[in-house]
Structures are given as C-alpha cells and as structure tokens.
Amino acid sequence: MWRAYGGDCSVALVMNNTPFFADTDIFHAYSYPVSYQNAEDFSIVLSKLTARIKNESKFIKGLGKQLTISYLFDFFKTTTSCVKHPGFKEELEWRIAYNPKVKKSDYITSSTETINGIPQEIHKIPLKDIPEGNFYGATIPDLINKIIIGPNDHQQILGQTFEKLLEEAGCKNPNAKIHYSGIPLR
C-alpha cells in the first residue's frame, strides 16, 4: 500500500505489534485486522450473522436491547472500517479505530491537519509507555521495527533524515532500522 499511496517519496514504517495487543482500555481505541472480502464474501458474513442471531435469540434477548444494539453498532462500525478488496490481501493491514463521540480518551489528543489540501481532524496516540494503563512498547525505539524507503530520487536523503530522527528518539544503532527498496510501483 505504501508504494501506491506514499507519493513521490514513499516510506513504510514497519512497527512491532506489542502495543497493539496491550491489555488496556485507556485509549478507547481498538486495533483490528483488515478483512479482505468482495461483495459476495461480505454477503456471506452478513447471512451467517443473521443466522446466528436467529439461533441465539434467547441468549440475545437476555443481553437486553441496549447491549444488543451496542454490539451490532460495533460490528457494523468495525466492518465498514476494516473491509478491503481481496486484491490487497498481501498487505496484512491492521487498523486502529477510535471514535471520541462514542467514547473519548483522556490520553488521545487531536488537532486539525491539512493533508493533500484537505483539512481534517487527526487523533494522536502518545508514543510513550503508560505503565498505569498497562501500555508498553510504544516508544519509538520499541515501536519501530524498520523503515523502508521506497524507490525514488531521494532515498539517501530520506534515509539519513530518518536515521537522525531515530537517533534523536533514543534508538541504538538507528542505521540498522533503515532499509531501501528497489521494488517499483506495479
């Protein structure tokens, strides 16, 4: 994906997954694997869900109306955010979902940023360990596994810049995390 959407100087950040699997709810943000489905696959998933609801109607009634609605809302929210065409299956992408209108976190900040000429609200998870929230592995030295610099005319400059940024963030041997790709856009 980074090759197609990274622009003229594309870079991929390959991250360690420790913070994504943390047993914490301090952010009210949740990581999900992307499901690669076409319309037919999605229709099958919905049919199976409908059948399960019918088969488990007694259990679902016991949950109560509000909790059932909450579960269904979460299912549809996650599904609409995390379904992608099967042609992208090689990406093995994960997404983080956060909705402050549903549940706001005291740890996540936001700002308005202009990206490609479009102003938009961006939510930011702090890149630091938060022991009181059982959140570890989010510092740059722990989080960044490697940085892949995509093929372009400025690979060396980008590599040197990221090496300096990693060093400033406390990475030991930052050069070992920088990799250069010669794979062209397909």
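Thresholds, definitions, all that
- Residue numbers here run from 1 along each chain, matching the order of that chain's written sequence.
- Owing to the predicted nature of the model, reporting of local features is limited to residues with pLDDT of at least 70; listing and counting of side-chain atom pairs is limited to 80 or more, with chain, interface and lining totals taken over all residues.
- Heavy atoms throughout the structure, all of them, feed into the side-chain values; hydrogens and water do not.
- In this scheme Phe, Tyr and Trp rings, the latter by its six-membered ring, pair at centre separations within 6.5 Å, and the angle between planes marks the pair as stacked below 30 degrees, edge-to-face above 60, and tilted otherwise.
- What counts as a helix is a DSSP run of H or I of at least four residues, what counts as a strand is a run of E of at least two, and both are numbered from the N terminus.
- The buried label goes to any residue with under 20% of its type's maximum accessible area, the exposed label to any with over 50%, and the partly exposed label to all in between, with areas taken from a 1.4 Å probe on protein chains only.
- Whether a charge sits over a ring comes down to the Lys NZ or Arg CZ being within 6 Å of the ring centre and within 35 degrees of the ring normal.
- Each salt bridge in this description consists of a side-chain nitrogen of Lys or Arg and a carboxyl oxygen of Asp or Glu lying within 4 Å of one another.

This structure, assessed with the given rule, holds four aromatic pairs. Seen in terms of ring centroids, Phe21 and Trp94 are 5.4 Å apart; in terms of plane orientation they differ by 75 degrees. Their pairing is edge-to-face. One end of the pair, Phe21, is in the loop between β1 (11-15) and β2 (29-33); the other, Trp94, is in strand β5 (residues 94-98), and 73 residues separate them in sequence. Owing to a relative accessible area of 42%, Trp94 belongs among the partly exposed residues under this scheme. A connected cluster of aromatic rings, assembled from ring pairs, spans Phe27, Tyr107 and Phe135. Directly above the ring of Phe88 sits Lys84, whose terminal nitrogen or CZ lies 5.0 Å from the centroid.

Before going further, it helps to spend a moment on unusual backbone geometry. Phi at His28 is positive, roughly 55 degrees, even though this residue is not glycine. Here His28 shows up in the loop between β1 and β2. Of the residues examined, His28 reaches a relative accessible area of 17% and is grouped as buried. One non-glycine residue, Asn116, lies in positive phi territory at about 55 degrees. Inspection of the secondary structure puts Asn116 in the loop between β6 (109-115) and β7 (118-124). Exposure remark for Asn116: the relative accessible area of 77% places this residue in the exposed category.

Here we come to the pattern of salt bridges. In the structure shown here, the tally under the stated rule is seven salt bridges. Across the pair Glu93 and Arg95 runs a salt bridge whose closest N-O atoms are separated by 2.8 Å. Owing to a relative accessible area of 13%, Glu93 belongs among the buried residues under this scheme. Take Arg95: its relative accessible area is 26%, and that puts it in the partly exposed class. Between Lys164 and Glu168 there is a salt bridge, with its nearest N and O atoms 3.7 Å apart. Placement of both Lys164 and Glu168 in helix α6 (residues 155-168) is noted, with a separation of four residues, approximately one turn of the helix. Judged by relative accessible area, Glu168 falls into the exposed class, the value being 57%.

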